[in-house]
Amino acid sequence: MPMMPTKPPPLVRAAALCLLGAALFMPSATAGPRRVSCAHAREAINASDAGDYQVLFRGLEDSSSLQAKDTLQFETLAGLASAAWKGADMLEAMVIARRVEDRVSVPNTTVAGAVDAWQQEWQAAGDAAEAAAVAFRASGASHAAAAAYGRAATYLLLSERFSDHMSPPALRVYNRSVAAFQSSLALGSSPCASVRIPYTGPNASSGASLHGYWCTSGTGSSPTPTVVMMTGYDGTAEMLVGQFAGRSAAQGMSLLAFEGPGQGSVARFQGLRFRPDWEEVVAQVVSWAAASLPAFDQSRMALWGRSFGGYLAPRAFSASAGFKALVADGGMADLYQTFVCGLPQHLQELWYSAPQQFETYMEIGASTSLQLSFLRGFGSLGFGSRGFADLYAAVEPYFLDASAFRGIAARPVLVNNPSLDAIAGNQSSLFFGQLQRPLHRDSVLLGFPAARGAALHCSVGSTSVASEAELAWTARVLAAA
């Protein structure tokens, strides 16, 4: 998920203030959107620490025509980190990022121009890596082919991040990315296999299924502790498998990573959208796994959600007593609150009082803000929303109530709480604070000094600091279950 811009360009701010002035005199025919408190939703971020994390795009400055610096860096760091599991070549990826920066730094570059530069540079790298993989495979060099396919998968996926996700060209690139990833698994002797999980739910056609991967921790069929993992607003199962499959196996745990409605391939190729009652999704996943995977151990399961998955997983965990532990990376007590409180005050009031005027302002903002363009694009994909007002209305039901928190707290819970999370703000602390006391003795709010490199949203860019701590905690808790 992208961070919300807190200081729109001057022209856009002026337009918003004019719209707000008009809206204040318009009577409301309905109760309007749900109001939320933003008193503690956004904590001040240490400017010095944040500056230390500006390791890329240093020469790019936001302007009245383009605000893109933080978003480009965040997405690039996610790609760079995949070098730890052979999903990228570190220097190759940095060179690609530098080429993007050179093109985007040209005066008067627009959002469309920035998207074109990003898409073209990463796709060219993906094309080259894919061609190398095909050549290696033809020559019998399976190990080299697996590595090249891994790079191709990452670069092609990155190239699609700011696209119109449902356009035919974007769907083709996304499909190539998934195919390259699966070729990398097959040629690299990975313990992971692609799975299709039967699914029934709103707007699901006959034969609908969820996309995922089953990654065993051993060669036998004996039941092993299992992590059931899901992504969030804009992630994919491939991202999860790349980062966590090998490390889970090293800790003696199998991994079932899946995409639900609204996510990844399921949203793109089956048109299924997010649903608040995620417990219904997870119940179908667990039921299928218990019947289909001999090594899946229902008595030793942990549920894990990243980013927006920090709402989805806790919602399901609360309703299912079968899970022994929960990892929220990070916690998401109220997705709607995150959306609203990421806006400047005058825009919050515009949303509450005049959604149509709010829509007009946000569309103006998206013409200069890559963050807003990203938010709208994945909102359309995951929620089927038609614009910003529709998206904000769609995410309004995605919050955890008191009964959900009561259903969570009696079991072990780990919440990752990055100190420089400019995307979800203070949601992890709010989530942990709402857990009913007393907490389980193993529950923990995990955090690291910014200098450890794990302080961004979901600790993106960190290749081991946060994930190794999370996995070690999960393995210990499941071993004691």
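Nothing here was measured: the structure is a model prediction, and the numbers come from that model.

**Observations concerning the sheet that holds strand β8 (residues 444–446)**
And then number 1: A sheet is described by the order of its strands in space; here eight strands give the open sequence β1-β2-β4-β3-β5-β6-β7-β8, paired in mixed fashion. Of all the strands in the sheet, just β1 (192–198) and β8 have a single pairing partner and so form its edges. Strand-to-strand twist of the sheet, defined as the mean angle between neighbouring strand axes without regard to direction, takes the value 20 degrees.
And then number 2: Of the pairings in the sheet, the one linking strand β3 (residues 224–230) to strand β4 (residues 254–259) comprises five bridges and is parallel in character. Paired with Met229 across the bridge in β4 is Ala257.
And then number 3: Contacting β3, β5 (296–306) and β6 (323–329), helix α11 (residues 309–319) crosses the sheet at an angle of about 145 degrees to β5.
And then number 4: Docked against the sheet, helix α19 (residues 465–479) engages β3, β5, β6, β7 (413–416) and β8, running at close to 170 degrees with respect to β6.

**Overview of the nonpolar core**
And then number 1: In this structure, Phe258, Leu303, Phe358 and Phe431 are the most contacted members of the largest nonpolar core, which totals 154 residues.
And then number 2: Setting aside chain neighbours within four positions, we find Phe358 in contact with Leu343, Leu347, Leu350, Trp351, Phe388, Ala389 and Tyr392.

**Some details on the pattern of salt bridges**
And then number 1: By the definition in use, this model includes 18 salt bridges.
And then number 2: Residue Glu92 is joined to Arg151 by a salt bridge in which the shortest nitrogen-to-oxygen separation is 3.6 Å. Here Arg151 lies in helix α6 (residues 142–159) and Glu92 lies in helix α4 (residues 90–104), a separation of 59 residues in the sequence.
And then number 3: Looking at Glu92, the relative accessible area reads 29%, which means it is partly exposed.
And then number 4: The salt bridge partner of Glu121 is Arg103, with a shortest N-O separation of 3.1 Å. Within this pair, whereas Glu121 is found in helix α5 (residues 111–138), its partner Arg103 is found in helix α4, the two being separated by 18 residues in sequence.
And then number 5: We classify Glu121 as buried; its relative accessible area is 16%.

**What to know about the state of the cysteines**
And then number 1: Evaluation of the coordinates by the stated rule reveals two disulfides.
And then number 2: There is a disulfide in this structure between Cys38 and Cys341, and the S-S distance comes to 2.0 Å. The chirality of the disulfide connecting Cys38 with Cys341 is left-handed, given an S-S dihedral of about -85 degrees. One end of the pair, Cys38, is in the loop between α1 (10–23) and α2 (47–52); the other, Cys341, is in helix α12 (residues 335–341), with 303 residues separating them in the sequence.
And then number 3: By relative accessible area, which is 8% here, Cys341 ends up buried.

**Notes on the packing of α6 against helix α7 (residues 168–187)**
And then number 1: Where α6 meets α7, the closest approach of the two axes is 7 Å, and the angle between their N-to-C directions is 155 degrees. Compared by their axis directions, α6 and α7 come out roughly antiparallel. Helix-helix and strand crossings are classified by hand; for α6 and α7 the assignment is left-handed. Across the interface between the two elements, Ser142, Ala145, Ala146, Tyr149, Gly150, Ala152, Ala153, Leu156, Leu157 and Ser159 from α6 touch Val173, Tyr174, Arg176, Ser177, Ala180, Phe181, Ser183, Ser184 and Leu187 from α7.
And then number 2: The residue inventory of the contact of α6 with α7, partitioned by class, reads twelve nonpolar, six polar and one charged.

**Some remarks on the pairing of β7**
And then number 1: Residues Val413 and Val415 point to one face of β7 and Leu414 and Asn416 to the other, with burial holding for every one of them.
And then number 2: Relative to β7, β6 is paired through four bridges, and the arrangement is parallel. Bridging from a neighbouring strand, Ala328 pairs with Val415 of β7.
And then number 3: Two strands pair when backbone bridges link them, and β7 and β8 are joined in this way by three bridges, in the parallel orientation. When the sheet's bridge partners are listed, Asn416 is paired in β8 with Leu446.
And then number 4: For the crossover that starts at β7, traverses helix α18 (residues 427–434) and ends in the parallel β8, the hand is right-handed.

Conventions adopted
- Residues numbered from 1 in each chain as written.
- Predicted model: local features only at pLDDT ≥ 70, side-chain atom pairs only at ≥ 80, totals over all residues.
- Heavy atoms only, no water.
- Pairing = 2+ DSSP bridges.
- Helix = DSSP H or I, 4+ residues; strand = E, 2+ residues; numbered from the N terminus.
- Axes fitted to C-alpha atoms, helices over the stretch in contact; angles between N-to-C directions.
- Contact = heavy atoms within 4.5 Å.
- Core = buried A, V, L, I, M, F, W, Y, C linked by side-chain atoms within 4.5 Å.
- Buried < 20%, exposed > 50% of the residue type's maximum accessible area, 1.4 Å probe, protein only.
- Salt bridge = Lys/Arg side-chain N within 4 Å of Asp/Glu carboxyl O.
- Disulfide = S-S within 2.5 Å.
- Parallel < 35°, antiparallel > 145°, perpendicular 65-115°, else oblique.
- Left-handed = near helix turned anticlockwise from the far one by under 90°.
- Nonpolar A, V, L, I, M, F, W, Y, C, P; charged D, E, K, R; others polar.
- Right-handed = clockwise from strand over helix to strand, strands pointing away.

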